[in-house]
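Structure assessment
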Number of protein chains: 2
Amino acid sequence: MRGTMKILDIDAVQSGPNPHHVDARKVYDTDNAVAVVITLQPGESLKRHITPVDVFFYVLEGTGIVEIGAERATVGTDHLVESPARIPHRWINESGQVFRVLVVKVPKPKEETKLL
Amino acid sequence: MRGTMKILDIDAVQSGPNPHHVDARKVYDTDNAVAVVITLQPGESLKRHITPVDVFFYVLEGTGIVEIGAERATVGTDHLVESPARIPHRWINESGQVFRVLVVKVPKPKEETKLL
């Protein structure tokens, strides 16, 4: 009998195609929310983009630069960043180490993310 | 001018009161979702409880035992566990190390969590 528990090993999830050409693994996808783990190697970054819903980021590993609207900050492991809907944002890894962040979009977006 | 970016250092957040008497820090709370970081010291555990909405867990550190309904599994860092609404669940730390998990409830619960 299959149970109700669903366990996902993020290491074993394949990266999905994305316009940023980075490692982006969808780890949760329900009617209410979508979550993706993004890995940026040193020197990698996301393109500036707009998400139609609120996003929060939980930094899992390393240090990244986050840009939201006109603001910019350097953020490390175990920091949570809120990014409101429809504000251009992106992450940049200028460090010498891998940067990993959990991206949670709530509610589930009904439109595509738009690159700028 | 205050900007739109909100950054939270989880280390600096105070634990809120909770019926499990463990370190539970609310890190995100909007109309759409609530997120809490729970830390279980070796030997600590949550009481079995029911959440009125879907929950997903992202293991941040260490190894914990998760019980959801009649199922039980041992889960480590960078694993995501889905726990459907209204199924009794809890976490147990039987390891010798700290266990930390990000708990994301979506949508935002309108009723209290019920202990069993």
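Residues numbered from 1 in each chain as written. Chains lettered and ligands numbered in written order. Predicted model: local features only at pLDDT ≥ 70, side-chain atom pairs only at ≥ 80, totals over all residues. Heavy atoms only, no water.

With that settled, consider the environment of Val106(B). Positionally, Val106(B) belongs in strand 10 (residues 99-106). Residue Val106(B) is classed as buried on the basis of its relative accessible area of 0%. Spatially, the C-alpha atoms of Val106(B) and Ala85(B) are 9.5 Å apart, while their sequence positions differ by 21 residues. Beyond its immediate chain neighbours, meaning those up to four positions away, Val106(B) contacts Tyr28(A), Asn32(A), Ala33(A), Val106(A), Asn32(B), Ala33(B), Val53(B) and Asp54(B). (Helix = DSSP H or I, 4+ residues; strand = E, 2+ residues; numbered from the N terminus. Buried < 20%, exposed > 50% of the residue type's maximum accessible area, 1.4 Å probe, protein only. Contact = heavy atoms within 4.5 Å.)

With that settled, the discussion passes to the nonpolar core. Counting residues in hydrophobic clusters, the biggest one holds 26 residues, and the most contacted among them are Tyr58(A), Leu102(A), Tyr58(B) and Leu102(B). The set of elements that each furnish at least two residues to this core consists of strand 2 (23-29), strand 3 (34-40), strand 5 (54-61) and strand 10 (99-106) of chain A together with strand 2 (23-29), strand 3 (34-40), strand 5 (54-61) and strand 10 of chain B. Once you skip the residues sitting within four places of it in the chain, Leu102(B) turns out to touch Tyr58(A), Leu102(A), Val27(B), Ala35(B), Val36(B), Val37(B), Phe56(B), Phe57(B), Tyr58(B) and Leu60(B). (Core = buried A, V, L, I, M, F, W, Y, C linked by side-chain atoms within 4.5 Å.)

Take the interface of chain B and chain A next. Contacts between the two partners involve 35 residues from chain B, matched on the other side by 36 residues from chain A. Here chain B packs against chain A, burying approximately 3400 Å² in sum over the two surfaces, 63% of which is carbon and sulfur. It is Met5(B), Tyr28(B) and Glu82(B) that lose the most area in chain B upon contact with chain A, and together they represent 20% of the buried surface on that side. Counting across the interface, chain B meets chain A through four salt bridges. Among the ionic pairs, Arg100(B) bridges to Asp78(A), the shortest N-O distance being 2.9 Å. Linking chain B to chain A there are 10 residue pairs in polar contact (both at pLDDT 80 or more). Elements supplying a minimum of two residues to the side of chain B that touches chain A: strand 1 (6-9), strand 2, strand 3, strand 5, strand 6 (63-68), strand 7 (71-76), strand 8 (79-83) and strand 10 of chain B. Sheet topology note: the strand 8 (residues 79-83) of chain A/strand 1 of chain B ladder contains four bridges and is antiparallel. By the bridge assignment, Leu80(A) is partnered in strand 1 of chain B with Leu8(B). (Buried area = accessible area lost by both parts, 1.4 Å probe. Salt bridge = Lys/Arg side-chain N within 4 Å of Asp/Glu carboxyl O. Polar contact = N/O pair within 3.5 Å; in protein donor to acceptor, adjacent residues only side chain to side chain. Pairing = 2+ DSSP bridges.)

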